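Each chain, written out:
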Amino acid sequence: MSRKKKDWKTEKDRVLNMSLEERRKEYRRSEYVPLDQINTWKQSQSTEVTEEEEGKDLLRDKVSLYKGDITILEVDAIVNAANSSLLGGGGVDGCIHKAAGSCLYEECITLNGCETGNAKITCGYDLPAKYVIHTVGPVARGHVGETETKDLTACYQNSLELVKGFGLRSVAFPCISTGIYGFPNEPAANIALETVKSWVKENHDKIERVIFCVFLEADYRIYKEKILQVFQDNDVTTEEDTEDGQKAGAGTSPSKESRSKNQSEDRHDDDELDPPKEDADNHTAMEQETLDSQTGEPEEKKADEKSENKEMEKDATGEPEEKKADEKSENTEMEKDATEKDTEIEKDTEKEKEKEKEKEMETDTSASEQINAKVESLEGSDPTETDSSPSKDPVDKKE
Ligand SMILES: NC(=O)c1ccc[n+]([C@H]2O[C@H](COP(=O)([O-])OP(=O)(O)OC[C@H]3O[C@@H](n4cnc5c(N)ncnc54)[C@H](O)[C@@H]3O)[C@@H](O)[C@H]2O)c1
């Protein structure tokens, strides 16, 4: 017998007040990667700490490059590349909703969508991540202009401001807008790295880790090369103001006013989303997914992603049977509504087709009546003219 449908508010309150051990028993997928098993950029480069770096809060220690599925990262928040409805879809959005369970969808309904460049936060529910920050990237379709750049920058900025506002210490970003929204991978990586760098410089005491979670080999290669250039300098203390009052190294981020406006608009005013009391807990060991070199070339990336997504979506279950059945019945309800709508649409199209057929029949009959009348009138006159009766196809005509 399927259990009573879970109320997302009660579930959120329950999940956010659980200990880590208790939460781990409820992850939808048995596989997860704790934060301390995700190398910082410095660890993965295993570069020595120089004398002047000694004891400093280094940029290289604040960021990670991770290749794999964002839904298994056990961090305070993962960022979802959503669409403006916030009601799920495909790609990373589909994977996150599938792995979080139906309460995520229920809570998203209450958010009333999200504008491009803004960000909204929900609980992570059955995910290893405590929260999901939903942001809507620009639909670039291969074109990168001022608007697309500003909007994508705002996605990273507003997501990070929510991290700070909720006292979270670790966050993972997918490559926002570079999938179906068609933002070219390299310019998107530049925006992501520069925006995160300038934000971490200004807020280095507010954040422990920002993880760039890439999924495709093409993105891994781009980020690996660029992160080396962008995160070279190690000092994280905010640089002195330059002559024109700009903070040195500040990315192309929107002004502080517009950021705080976005945040006040988008800050989730649900008091149940109080910032967590403790920092990211210590996690027990799990092997970090090795950054192995898969072959997926950019031109195959869609196929790659589809197959990789299929794998992910397939095993985004692994939960106790009764919970799966519960989910199943809830999902079937939603799917049932969707199919009912689909069948209605199909019936309408069928009716349209029948009407068109009737119309065609009518026009055919009237056309042939006219031709017959014409033939009859001709048959009464000179027989040498060609026979144009509709029944004889000129091709079949015998010589
Ligand atoms: N890609 C699709 O087939 C598809 C279809 C419908 C909707 N969507 C989604 O696409 C729209 C947003 O476009 P977008 O380009 O910002 O997003 P996206 O199409 O999901 O692609 C963003 C990036 O996320 C990567 N990615 C995919 N799955 C994962 C995963 N499990 N873990 C980490 N990274 C992953 C993907 O390779 C790409 O680099 C939204 O409507 C959303 O619902 C995607």
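Quick caveat, the model's predicted, so the values are computed rather than measured.

### Concerning the site of the ligand
Around the ligand lies a shell of 25 residues, among which Val92, Asp93, Ser177, Gly179 and Ile180 are the nearest. A distance of 2.9 Å separates an oxygen atom of the ligand from a polar side-chain atom of aspartate 93. Burial of the ligand by the protein chains amounts to 90% of its free accessible area of 790 Å². For the shell around the ligand, the elements supplying multiple residues, two or more each, are strand 4 (77–82), helix 4 (91–100) and helix 10 (301–314).

### Some words on the pairing of strand 7 (residues 170–173)
Of the two faces of strand 7, the one carrying Ser170 and Ala172 and the one carrying Val171 and Phe173 are both buried. With 2 bridges connecting them, strand 4 and strand 7 associate as parallel partners. When the sheet's bridge partners are listed, alanine 77 is paired in strand 7 with valine 171. Where strand 7 and strand 8 (residues 209–214) come together, 4 bridges link them in parallel fashion. By the bridge assignment, valine 171 is partnered in strand 8 with valine 210.

### Brief notes about the pattern of salt bridges
A complete count under the given rule lists 14 salt bridges for this structure. The residue glutamate 26 makes a salt bridge to arginine 14 at a minimum N-O spacing of 2.7 Å. Residue glutamate 26 is found in the loop between helix 2 (20–24) and strand 1 (33–34), and its partner arginine 14 is found in helix 1 (residues 8–16); the two are separated by 12 residues along the sequence. The class for glutamate 26 is partly exposed, based on a relative accessible area of 26%. The residue lysine 150 makes a salt bridge to aspartate 151 at a minimum N-O spacing of 3.4 Å. Each of Glu11, Arg14 and Glu26 takes part in a single network of salt bridges with overlapping partners.

### With respect to the sheet that holds strand 8
Reading across from one edge, 2-8-7-4-6-5 is the order of the 6 strands in this open sheet, with mixed pairing throughout. The outermost strands of the open sheet, each flanked by one partner alone, are strand 2 (63–67) and strand 5 (119–123). Taking each pair of neighbouring strands and ignoring which way they run, the sheet shows an average axis angle of 25 degrees. Here 5 bridges tie strand 2 to strand 8, and the two strands are oriented parallel to one another. Bridge pairing links serine 64 to isoleucine 211 in strand 8.

### Brief notes about the nonpolar core
Core analysis: the biggest nonpolar cluster contains 42 residues, and Val171, Phe173, Val196, Val210, Phe212, Tyr223 and Phe231 have the highest contact counts within it. The biggest single contributor to this core is helix 7 (residues 185–202), with 8 residues. For tyrosine 223, the residues in contact, after removing those within four places along its chain, are Leu65, Tyr156, Cys175, Ala188, Ala189, Ala192, Leu193, Phe212 and Val214. Of all hydrophobic cores here, the second largest spans 30 residues; its members include Ile96, Ala99, Leu111 and Val136.

### Description of the environment of lysine 67
Mapping lysine 67 onto the fold places it in strand 2. In sequence terms lysine 67 and aspartate 219 are 152 residues apart; their C-alpha atoms lie 8.8 Å from each other.

### Notes on the pairing of strand 2
Of all 5 residues in strand 2, 5 are buried; the element is thus mostly enclosed. Side chains of strand 2 alternate between two faces, with Val63, Leu65 and Lys67 and Ser64 and Tyr66 buried alike.

### Overview of the confidence of the model for the protein chain
Chain-level pLDDT for the protein chain is 73 on average; 56% of the residues reach the 70-or-more range. The model gives residues 245–302 a pLDDT under 50, and that stretch makes 125 contacts with residues more than four places away or in other chains. The model gives residues 380–399 a pLDDT under 50, and that stretch makes 9 contacts with residues more than four places away or in other chains. We note a pTM of 0.67 for the whole complex and an ipTM of 0.97 for its interfaces.

### Examining the packing of helix 6 (residues 146–165) against helix 7
Their axes nearest at 9 Å, the elements helix 6 and helix 7 cross at an angle of 40 degrees. Judged by the sense of rotation from one axis to the other, the crossing of helix 6 with helix 7 is right-handed. Packed against helix 6, whose contacting residues are Thr149, Leu152, Thr153, Tyr156, Gln157, Leu160, Glu161 and Lys164, the element helix 7 presents Ala188, Ile191, Ala192, Thr195, Val196, Ser198 and Trp199 at the interface. By residue class, the composition of the contact of helix 6 with helix 7 is 8 nonpolar, 5 polar and 2 charged.

### Some points on helix 4
The buried fraction of helix 4 amounts to 7 of the 10 residues, a majority that puts the element mostly inside the structure. When helix 4 is considered as a whole, its buried residues turn out to be Asp93, Gly94, Cys95, Ile96, His97, Ala99 and Ala100.

### Let's talk about the environment of isoleucine 70
With respect to the helices and strands, the residue isoleucine 70 is situated in the loop between strand 2 and strand 3 (73–74). Linking isoleucine 70 and phenylalanine 173, residues 103 residues apart in sequence, is a C-alpha distance of 8.0 Å. In contact with isoleucine 70, not counting residues within four places along its chain, are Ile78, Val79, Val92, Ile96, Ala172, Phe173, Pro174 and Cys213.

### Focus: unusual backbone geometry
A positive phi is found at leucine 86, a non-glycine position, where the angle reads about 60 degrees. As for its position among the elements, leucine 86 is in the loop between strand 4 and helix 4. Residues other than glycine seldom take positive phi values, yet tyrosine 125 does so here, at roughly 55 degrees. Structurally, tyrosine 125 can be placed in the loop between strand 5 and strand 6 (131–136). On the basis of relative accessibility, which here comes to 4%, the residue tyrosine 125 falls in the buried class.

What counts as what
- Residues numbered from 1 in each chain as written.
- Predicted model: local features only at pLDDT ≥ 70, side-chain atom pairs only at ≥ 80, totals over all residues.
- Heavy atoms only, no water.
- Near = heavy atom within 4 Å.
- Polar contact = N/O pair within 3.5 Å; in protein donor to acceptor, adjacent residues only side chain to side chain.
- Areas by Shrake-Rupley, 256 points an atom, 1.4 Å probe, with all protein chains shown as cover.
- Helix = DSSP H or I, 4+ residues; strand = E, 2+ residues; numbered from the N terminus.
- Buried < 20%, exposed > 50% of the residue type's maximum accessible area, 1.4 Å probe, protein only.
- Pairing = 2+ DSSP bridges.
- Salt bridge = Lys/Arg side-chain N within 4 Å of Asp/Glu carboxyl O.
- Axes fitted to C-alpha atoms, helices over the stretch in contact; angles between N-to-C directions.
- Core = buried A, V, L, I, M, F, W, Y, C linked by side-chain atoms within 4.5 Å.
- Contact = heavy atoms within 4.5 Å.
- pLDDT = per-residue confidence, 0-100.
- Left-handed = near helix turned anticlockwise from the far one by under 90°.
- Nonpolar A, V, L, I, M, F, W, Y, C, P; charged D, E, K, R; others polar.

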